[in-house]
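Each chain, written out:
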Amino acid sequence: MSKRPFLGSIGLDLDDIEAKPASGQKVTAFHEQAPTQPPQDKPGAYVKDKAVNMTVYLLPHDHKRLKQLAVEHDTTIQALVMDGLDVILKDNGQEPLTRWKTRRKPRG
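Conventions used here
- Throughout, residues of each chain are indexed from 1 in the direction in which the sequence is written.
- Selection of residues for local features in this predicted model requires a pLDDT of at least 70, selection of side-chain atom pairs for listing and counting requires 80 or more, and totals for whole chains, interfaces and linings are taken over all residues.
- Working from all heavy atoms in the structure, the side-chain values ignore hydrogens and water.
- Secondary structure elements are defined from DSSP: runs of H or I of at least 4 residues count as helices, runs of E of at least 2 residues count as strands, and each element is numbered from the N terminus.
- Burial classes: relative accessible area under 20% of the type maximum marks a residue as buried, over 50% as exposed, and values in between as partly exposed (1.4 Å probe, protein chains only).
- What a helix should span is 1.5 Å times the count of its residues minus one.
- Any pair of residues with heavy atoms lying within 4.5 Å of one another is described as a contacting pair.
- Salt bridge criterion: a side-chain nitrogen from Lys or Arg within 4 Å of a carboxyl oxygen from Asp or Glu.
- Each residue carries a pLDDT score, the predictor's confidence in it, ranging from 0 to 100.
- Grouping into patches uses exposed residues only, defined as over 30% relative accessible area, and leaves out salt-bridged ones; the cut-off is 9 Å for like charges and 5 Å for nonpolar side chains (Val, Leu, Ile, Met, Phe, Trp, Tyr).
- Only the protein chains shown count as covering a residue, and every accessible area follows the Shrake-Rupley method with a 1.4 Å probe.

A.B. asks: So what's going on with the overall build of the protein? Residues and values would help.
C.D. replies: For the protein, the count of helices and strands is 3 helices and 0 strands. Going from the N terminus to the C terminus, the protein shows its helices and strands as α-α-α. Every one of the 108 residues in the protein was classed for burial, and the buried ones make up 5%.

Dropping the structure here:
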């Protein structure tokens, strides 16, 4: 097994290198940079780039029940929660939640 070459073997001597003030390129500060196109306007952006995150706190036994239900119906907890929210919205005369295409491969 050969050792990695050291700097002297490639003709580079650190004693010959001198750092000079302001010799590097100026980096534009973040707040001075031109705004970029937001992710939701880019074609093919993922749902995590567009959607708002929402946290739900469940007791462990309730979480386990939801996981079991998702497995029994060959779906996800996310889909079950969205279906439940659709029912609540429908009961209040509103349109169901907007769905998106998943980037995961279908199960099965």
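What follows picks up the thread again.
A.B. asks: Could you give an account of helix 2 (residues 60–72), with specific residues and numbers?
C.D. replies: Between its first and last C-alpha, helix 2 extends 18 Å over 13 residues, near the 18 Å set by a 1.5 Å rise per residue. In the segment just after helix 2, Asp 74 is the residue with positive phi, at about 50°.

A.B. asks: Could you give me a rundown of the side chain of Asp 86, with the residues and numbers involved?
C.D. replies: Looking at the secondary structure, you find Asp 86 in helix 3 (residues 77–91). For Asp 86, a relative accessible area of 15% gives the class buried. Excluding its chain neighbours within four sequence positions, the residues that come into contact with Asp 86 are Pro 96, Leu 97 and Arg 99.

A.B. asks: Explain the pattern of salt bridges to me, and be specific about the residues and the numbers.
C.D. replies: Scanning the model with the defined rule gives 3 salt bridges in all. For Asp 86, the salt bridge goes to Arg 99, with nearest N and O atoms at 2.7 Å. Of this pair, Asp 86 sits in helix 3 while Arg 99 sits in the segment after helix 3, placing them 13 residues apart in sequence. Through salt bridges with shared partners, a single network forms among Asp 83, Asp 86 and Arg 99.

A.B. asks: Tell me what's going on with the confidence of the model for the protein, and back it up with residues and numbers.
C.D. replies: Here the protein shows a mean pLDDT of 79. Residues at 70 or above account for 68%. Per-residue pLDDT, averaged within each element of the protein, yields its smallest value for helix 1 (residues 47–50) (72) and its largest for helix 2 (96).

A.B. asks: A description of a nonpolar patch on the surface should follow, citing residues and the corresponding values.
C.D. replies: On the surface, Met 54, Val 56, Leu 58, Val 81, Leu 85, Ile 88 and Leu 97 cluster together to form a nonpolar patch covering roughly 580 Å² of accessible area. You can see Met 54 is positioned in the loop between helix 1 and helix 2.

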